[in-house]
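# Examination of the molecular architecture
Below, each chain spelled out in residue letters.
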Number of protein chains: 2
Amino acid sequence: MVTDNNSYCVIMGGGIGSRFWPFSRKSLPKQFLDFFGTGRSLLQQTYDRFSKVIPKENILIVTNDIYADLVREQLPDLADSQILLEPTRRNTAPCMAWASYHIQALNPQANIVVAPSDHLILKEEEFLEVISRGLEFVKDSGKLLTLGITPNRPETGYGYIQIDGEEEENFYKVKTFTEKPELELARVFLESGEFYWNSGLFLWNVNTILNAVETLLPEVADKLAPGRDVYGTPEEKTFIDIHFPTCPNVSIDIGIMEKADNVYVTLGDFGWSDLGTWGSLYDLSDPDEKGNVTLQCQSLMYDTKDNMVVLPSGKLAVIDGLEGYLVAESNNVLLICKKDKEHAIRKYVNDAQIKMGEEYI
Amino acid sequence: MVTDNNSYCVIMGGGIGSRFWPFSRKSLPKQFLDFFGTGRSLLQQTYDRFSKVIPKENILIVTNDIYADLVREQLPDLADSQILLEPTRRNTAPCMAWASYHIQALNPQANIVVAPSDHLILKEEEFLEVISRGLEFVKDSGKLLTLGITPNRPETGYGYIQIDGEEEENFYKVKTFTEKPELELARVFLESGEFYWNSGLFLWNVNTILNAVETLLPEVADKLAPGRDVYGTPEEKTFIDIHFPTCPNVSIDIGIMEKADNVYVTLGDFGWSDLGTWGSLYDLSDPDEKGNVTLQCQSLMYDTKDNMVVLPSGKLAVIDGLEGYLVAESNNVLLICKKDKEHAIRKYVNDAQIKMGEEYI
C-alpha cells in the first residue's frame, strides 16, 4: 500500500488542547498523551499510521517552538529538518501554507495529506486505503480533497460537509461546509444521508493548494511566498520567525475550503474520533454495566452511574452516589464537574491560571 | 499549674482511625496527622498540652508495635522506656490495665490521667485547669473520674454521661453511661441539662484503677497481674508479648466504668472534639459563604454547596455542581462520597483492601 516518493504527510501537532484539562496541560498537550494506555501517544500513533503508506522521510511535523523537545523525544526517528517549528500560533491556514511552500521547495510534484496529530482512528486498514486512493485522486486533478466521516449519531460537536454529485467512485463534489449544528439540525443532517463529519484531514497536490492560497488568501501568500528562495535551506527558520507571526489568524476551512470551487470529499467509516472533548472520549470507551468509564486508574463504584473517571495509573478512585460526572486528576489539579459542563473547562483553566499561576494550566 | 511528681499521663496512640480514610492510613493513622496544618500532629499536640502540667518523664505513650518508629520520630524527647508497645490491639481496658501496672511499679502513689491521642482541644487553659483539679480529686479519694463535655448540639456520634448529685464543686456522681443515642433522644439529653458527652478521658489513682480491674475485670487482671515482678524491667516487653494477646477485647467503658460504683465526672467546655469523623472535622472548620470547607489544598468552586475538600497541599480542586460531598485524596486513593455516607468508609476500606491490597488502606 506504500505510495510513491512524491507522497508527503504533514502532521499538525501544535495545539494546546485545553478541553482535556487537567489531563492535557499547556506543557504537555493532548497529542503527546497516551490516553488509552496503549504505550504510544496520539502523535506517535498518527506517525506510525502514516509511515505505513508515506515514505518516512516525507513525513513532517508542524508544531510550536515550545513543543520541539517533546516531538524529538517522542519521534526520535525524525530528522530535525522534518520538524517545522512555528514561532507563534496562527491557526491552520498559515500553518498549511508554510508547510506547502516548504514541501514545494523539496519536491514540486508533491502530493500531500495533512492530518491533525490528536485524532483517534480504530480501523487503520480502511483508513489507509482511503488515503492511498485520495493521494492518487489529487495527483493530476487540480482538486482539493477533504475526508468526510460517515456519521453514526447526531453529533453537535463537529462541523459537517454536505455532498453533491458523485464524480467518480467515492469522490463527491462538496456542496457546503456547515459549522457545528444544534441538535435538531444535526438530527436532520443524520437522516438526510447528504451530510458527513468534517474530519480536518485534507489531501492535495502542492501546486493546487498553493494556487488556492495565492488566489483566496493573498494576505497569507503575501507574507510567505517571498520566502521561496529560503525554504528548505538553513535560513528558513529565521525567515519564518520574522514573517510567520505577521500572518492573519485564519483556519483552512474558512480561508480556503468554504470559498474554493474545486473542493471534493471522499467518504469513509474507520472508527474515527477527533477526541475533542471528554465526552467524545467517554463515547469511545467501554463503560461498565452502570455506564461508568474508568481510564488509567482503578475504581470502586457504589450507587454511581454514567461517570467518567480518569486518575493517574496506580490510583484508586472510591466513588459513592455520583451520576453523570467527570472526575479527572492529573498532576496538581483535580477536576470534578458534570460531563455536560465540559464547555466550561476553558473558564476553569482561565480561573486556575489567575488563582494559581502558569504551572496549574 | 504544674502538678507534682506523682502525676502521670498515659496517651493512647494505637488506633487505626479508618474513619478518616483515605487521609488516615493504616501506616499513618489519624493521631500522626496534622489535620489543620498547624505544624504539629494530633499526637504531638496532645503531648505538648499535657507536658504543661505533667512532668515530661511521667508521660507515657501506649501504641502498637507497628507505630513505634512513628512515635519516636514525632516525639524525639521521649525515652524508649516511655513508649509501651502493644503486640496486638485489645481495646482500651487491657491497654489501661497494663499502663497502670507499669506505672504502679515505678511509683505506687501515682495519679494518672489517661487520654486519647487524636482529640482536638481548643481551649487549653480551661482544659488543663480541669485536669489539675481532677488529679487532686482522685489522689486520696479512691474514686474513678471521667471528663464530661458540656454538649452544644444533639450529637448522635458520642456516648453520654448522666450526672447525679454534685459531691463537691464540679465533681458529680455518675448516674449512667449511655451509648450513642438516636437523634430524638440526643435532643432530650441536650435539653435536660443532665447529660454530658463522654470524652474518653479518665483520671484515677493507680491503686484505685487496679482495684477496679481486679474486682470487675478479673479476666484481664489474671493475665497481667502476674507480671508485677517484671514491669519496669527489661523483661516487661517479653512478658507482654506473651500475655497481652491473651486478654479479652474489652473497652474500659463497658468493662469498668459502667459497672463500678465509685465513678465521678467533672465537667468542662473547652472546645473539644474527638475528631471521630469527617463530619466532625467539617463542623470544626471554617466554611466559606457557600458552606464549602477546603483543607490543605486550594479550590475553585462553581455552583457548589456544603462540600468538604481535602487534597494534599499544593493541589488545586476545581469543582462544579456538587452539594454535600466529601472529596478527600491522599496518596494513591481519591474518595468522593456524600458527607452523610461516611459511616460507609469502613466498607470502602475493606473493599479497597480486597481489590487493591494492603498499600491502599
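Rules used throughout
Residues numbered from 1 in each chain as written. Chains lettered and ligands numbered in written order. Predicted model: local features only at pLDDT ≥ 70, side-chain atom pairs only at ≥ 80, totals over all residues. Heavy atoms only, no water. Helix = DSSP H or I, 4+ residues; strand = E, 2+ residues; numbered from the N terminus. Rg over C-alpha atoms; globule rule 2.2 N^0.38 Å. Buried < 20%, exposed > 50% of the residue type's maximum accessible area, 1.4 Å probe, protein only. Contact = heavy atoms within 4.5 Å. Areas by Shrake-Rupley, 256 points an atom, 1.4 Å probe, with all protein chains shown as cover. Pairing = 2+ DSSP bridges. Axes fitted to C-alpha atoms, helices over the stretch in contact; angles between N-to-C directions. Buried area = accessible area lost by both parts, 1.4 Å probe. Salt bridge = Lys/Arg side-chain N within 4 Å of Asp/Glu carboxyl O. Polar contact = N/O pair within 3.5 Å; in protein donor to acceptor, adjacent residues only side chain to side chain. Nonpolar A, V, L, I, M, F, W, Y, C, P; charged D, E, K, R; others polar. Least-squares fit on C-alpha atoms with pLDDT ≥ 70 in both.

### Some points on the overall build of chain A
Along its length, chain A carries eleven helices and 17 strands. Computed over its C-alpha atoms, the radius of gyration of chain A comes to 21 Å, within 12% of the 21 Å expected for a compact globule of 361 residues. Overall, the C-alpha framework of chain A stretches about 60 × 45 × 35 Å when taken along its three principal axes. The 361 residues of chain A split such that 59% are buried. Taking the intrachain contacts of chain A between residues at least 6 apart in sequence as the baseline, contacts between residues at least 24 apart amount to 66%. Of the roughly 14,600 Å² that chain A leaves accessible, carbon and sulfur atoms contribute 47%.

### A few points about the pairing of strand β6 (residues 144–149) of chain B
Residues and elements named next belong to chain B. Counting buried residues in β6 gives six out of six residues, a clear majority hidden from the surface. Alternating positions in β6 separate into two faces, Leu-144, Thr-146 and Gly-148 on one and Leu-145, Leu-147 and Ile-149 on the other, with burial throughout. Both β6 and strand β9 (residues 195–205) contribute to a ladder of four bridges, which runs antiparallel. Residue Ile-149 lies in a different strand from β9, and its bridge partner there is Trp-197.

### Topic: the sheet that holds strand β14 (residues 308–310) of chain B
Across the sheet, six strands lie side by side as β13(A)-β15(A)-β17(B)-β16(B)-β14(B)-β12(B); this open sheet has mixed pairing. Each of the sheet's edge strands pairs with one partner strand only, and the pair in question is β13 (298–302) of chain A together with β12 (293–295) of chain B. Mean inter-strand twist for the sheet, computed between neighbouring axes without regard to direction, equals 5°. Note: strand β15 (residues 316–320) of chain A against strand β17 (residues 333–338) of chain B, four bridges, orientation parallel. When the sheet's bridge partners are listed, A:Leu316 is paired in β17(B) with B:Val333.

### Let's talk about the interface of chain A and chain B
Between chain A and chain B, the contact holds 34 residues from the first and 34 residues from the second. Both faces considered, chain A and chain B share a buried interface measuring about 2,800 Å² in area, 59% of it formed by carbon and sulfur atoms. Where chain A meets chain B, there are four salt bridges. The partner of A:Lys341 in a salt bridge is B:Asp320, with the nearest N and O atoms 3.1 Å apart. Between chain A and chain B we count 26 residue pairs in polar contact (both at pLDDT 80 or more) in total. Here the side of chain A that touches chain B is composed, by residue class, of 20 nonpolar, six polar and eight charged.

### Re the relation of the copies chain A and chain B
Rotating chain A by 179° about the axis while translating it 0.1 Å along that axis superimposes it on chain B, leaving an RMSD of 0.1 Å. The relationship between the two copies is best expressed as a two-fold rotation axis. Looking at the interface residues of chain A, 100% of them are also at the interface in chain B, so both copies use one shared face.

### Observations concerning the sheet that holds strand β13 (residues 298–302) of chain B
Strand order in the open sheet made by the six strands is β12(A)-β14(A)-β16(A)-β17(A)-β15(B)-β13(B), with mixed pairing throughout. Each end of this open sheet is capped by a strand with a single partner; those strands are β12 (293–295) of chain A together with β13 of chain B. The sheet shows a mean angle of 5° between the axes of neighbouring strands, taken without regard to direction. As judged from the six bridges shared by strand β16 (residues 325–330) of chain A and strand β17 (residues 333–338) of chain A, these two strands associate in the antiparallel manner. Each residue of the ladder has a partner; that of A:Ser330, found in β17(A), is A:Val333. Sheet strands touched by helix α11 (residues 345–356) of chain A: β17 of chain A together with β13 and β15 (316–320) of chain B. Its angle to β13(B), the strand with the most contacts, is close to 145°.

### Observations regarding the environment of A:Leu75
Residues and elements named next belong to chain A. Summarising the element assignment, Leu-75 is placed in the loop between α2 (68–74) and β3 (83–86). Overall, Leu-75 belongs to the buried group, its relative accessible area being 3%. Considering only alpha carbons, one finds Leu-75 and Val-206, 131 residues apart in sequence, at a separation of 25 Å. Beyond its immediate chain neighbours, meaning those up to four positions away, Leu-75 contacts Leu-43, Gln-44, Tyr-47 and Ile-61.

### Focus on the side chain of B:Lys143
Residues and elements named next belong to chain B. Along the chain, the position of Lys-143 falls in the loop between α4 (124–139) and β6. The exposure class assigned to Lys-143 is buried, which follows from its relative accessible area of 17%. Apart from the residues lying within four places of it in its own chain, the contact partners of Lys-143 are Phe-137, Val-138, Glu-167, Leu-203, Trp-204, Thr-208, Asn-262 and Tyr-264.

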